[in-house]
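Architecture and fold: a report
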Amino acid sequence: MKRTSRESMDHVAVDRRRFLSGALGACAMRPSLGLLSMQFAPSMSGSLTKEQRDSMTPSQVIDELKKGNERFRAGKMASRDYLAEKRSSASGQYPAAVILGCVDSRVPAEIIFDAGIGDLFSGRVAGNVVNDDMLGSMEFACAVSGAKVVLLLGHTACGAIKGAIDDVELGNLTGLLARIKPAIPRTKFEGEKSSKNPAYVDAVARTNVKLAIENTRRRSPVLEDLEKKGSIQITGAMYNLADGMVEFVG
Ligand SMILES: [Zn+2]
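A brief look at the structure comes next. What you see is a predicted model, and the numbers here were worked out from it, not measured in a lab.

Before going further, it helps to examine the pattern of salt bridges. Following the criterion strictly, the structure yields 13 salt bridges and no others. Of the charged contacts, one joins Arg-71 and Asp-114 as a salt bridge, the two residues approaching to 2.6 Å between their closest N and O atoms. Of this pair, Arg-71 sits in helix 4 (residues 58-74) while Asp-114 sits in the loop between helix 6 (109-112) and strand 2 (120-124), placing them 43 residues apart in sequence. In this structure, Arg-71 and Asp-114 share a single accessibility class: buried. A salt bridge links Asp-132 to Arg-219; the nearest nitrogen and oxygen atoms lie 2.8 Å apart. Of this pair, Asp-132 sits in helix 7 (residues 132-144) while Arg-219 is found in helix 10 (residues 198-219), placing the two residues 87 residues apart along the sequence.

In this section: empty space enclosed by the protein. Any space left empty among the atoms is revealed by the rolling of a water-sized probe across them. Under the counting rule described, the total for this entry stands at one cavity of 30 Å³ or more. Approximately 30 Å³ is the volume found for the largest cavity. Around the largest cavity, the lining residues are Ile-99, Leu-100, Gly-101, Cys-102, Val-107, Ala-109, Ser-122, Gly-123, Arg-124 and Leu-153. Elements that contribute at least two residues to the lining of the largest cavity include exactly strand 1 (97-101) and strand 2. Its residues assigned to classes, the lining of the largest cavity comprises six nonpolar, three polar and one charged.

Scanning all chains against the criterion turns up two aromatic pairs. With a centroid separation of 5.9 Å and 75 degrees between ring planes, the pair formed by Phe-121 and Phe-140 is classed as edge-to-face. Separated by 19 residues along the polypeptide, Phe-121 in strand 2 and Phe-140 in helix 7 bring together distant segments of the chain. Of the residues examined, Phe-121 reaches a relative accessible area of 13% and is grouped as buried. For the cation-ring pair, Lys-66 lies above Phe-248, with the distance from its terminal atom to the ring centre recorded as 5.3 Å.

A few words now on the environment of Ile-161. With respect to the element layout, Ile-161 can be found in helix 8 (residues 159-165). On a C-alpha basis, the gap between Ile-161 and Asp-202 in space is 8.3 Å, while along the polypeptide they are 41 residues apart. Excluding its chain neighbours within four sequence positions, the residues that come into contact with Ile-161 are Ile-180, Val-201, Val-204, Ala-205 and Asn-208.

Moving on, we get to the sheet that holds strand 4 (residues 233-239). As summarised here, the arrangement of the five strands in space is 2-1-3-4-5, forming an open sheet in which the pairing is mixed. At either end of the open sheet lies a strand with only one pairing partner, and these are strand 2 and strand 5 (246-248). Strand-to-strand twist across the sheet, computed as the mean angle between neighbouring axes with direction ignored, equals 25 degrees. In this structure, strand 4 lies alongside strand 5, joined through three bridges in antiparallel fashion. Its bridge partner lying in strand 5, Met-238 is registered against Glu-247. The strands that helix 7 touches are strand 1, strand 2 and strand 3 (149-155); relative to strand 1, the one it contacts most, it runs at about 165 degrees.

What counts and how
Residues numbered from 1 in each chain as written. Predicted model: local features only at pLDDT ≥ 70, side-chain atom pairs only at ≥ 80, totals over all residues. Heavy atoms only, no water. Salt bridge = Lys/Arg side-chain N within 4 Å of Asp/Glu carboxyl O. Helix = DSSP H or I, 4+ residues; strand = E, 2+ residues; numbered from the N terminus. Buried < 20%, exposed > 50% of the residue type's maximum accessible area, 1.4 Å probe, protein only. 1 Å grid on protein atoms, 1.4 Å probe; cavity = no way out; pocket = protein on both sides within 12 Å on 5 of 7 lines; lining within 4 Å. Points joined across faces, edges and corners; volume = space filled by probe spheres on them. Nonpolar A, V, L, I, M, F, W, Y, C, P; charged D, E, K, R; others polar. Phe/Tyr/Trp six-rings, centres within 6.5 Å; stacked < 30°, edge-to-face > 60°. Lys NZ or Arg CZ within 6 Å of the ring centre and 35° of its normal. Contact = heavy atoms within 4.5 Å. Pairing = 2+ DSSP bridges. Axes fitted to C-alpha atoms, helices over the stretch in contact; angles between N-to-C directions.

Purely geometric numbers; function is a separate question.
Right under this line is the structure:
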């Protein structure tokens, strides 16, 4: 049982305390409110509380994401009670991060980071491209709701990246792929520059993540200001479909 001292403090909301009380019975007060009080993993208790989320720094949130991905890769995911998480988050949500990832069915953020209901905001669009609506969503997540991390998440073997390389034209997809294309000339790569070359596709995807980070800062003064104040961190990562590893690149 890891959800600890924060829930034992007097200022914890009564409702939330009720949900947590059973699990808390097993653990005594602990002196530290830092590392011990935070994790996406866990328990029979429920979702992240406001106190837990607010006690984390942006870098601690990133560490929790890394730990969650380690659990996923090791096949040692936290045992979850989704119904308890549903109940504990119904009256309020306090996600620690907002993740903008690809629609690819193999990259579900909550699963690869072993997070629960209420722990993460998750936005998905092919090629994890930044647009006005996604920026608005990320601004809501951080400036209104209090998330500490903006994570632009790309992945290997991305079909949208391949489509951009191949100049695919199809309905509204054409315009979406146009948002990815600036990453192509910005990618330094020795070797065959083709969608048939997995290493090249992944290199462009990595550049696409870096450009998404730049675009987020440039096009969202709200998020840029929060980052300058140290309230949030804007970063990027690449998810490897083959081994399940998330590598932070920002
Ligand atoms: Zn993709």
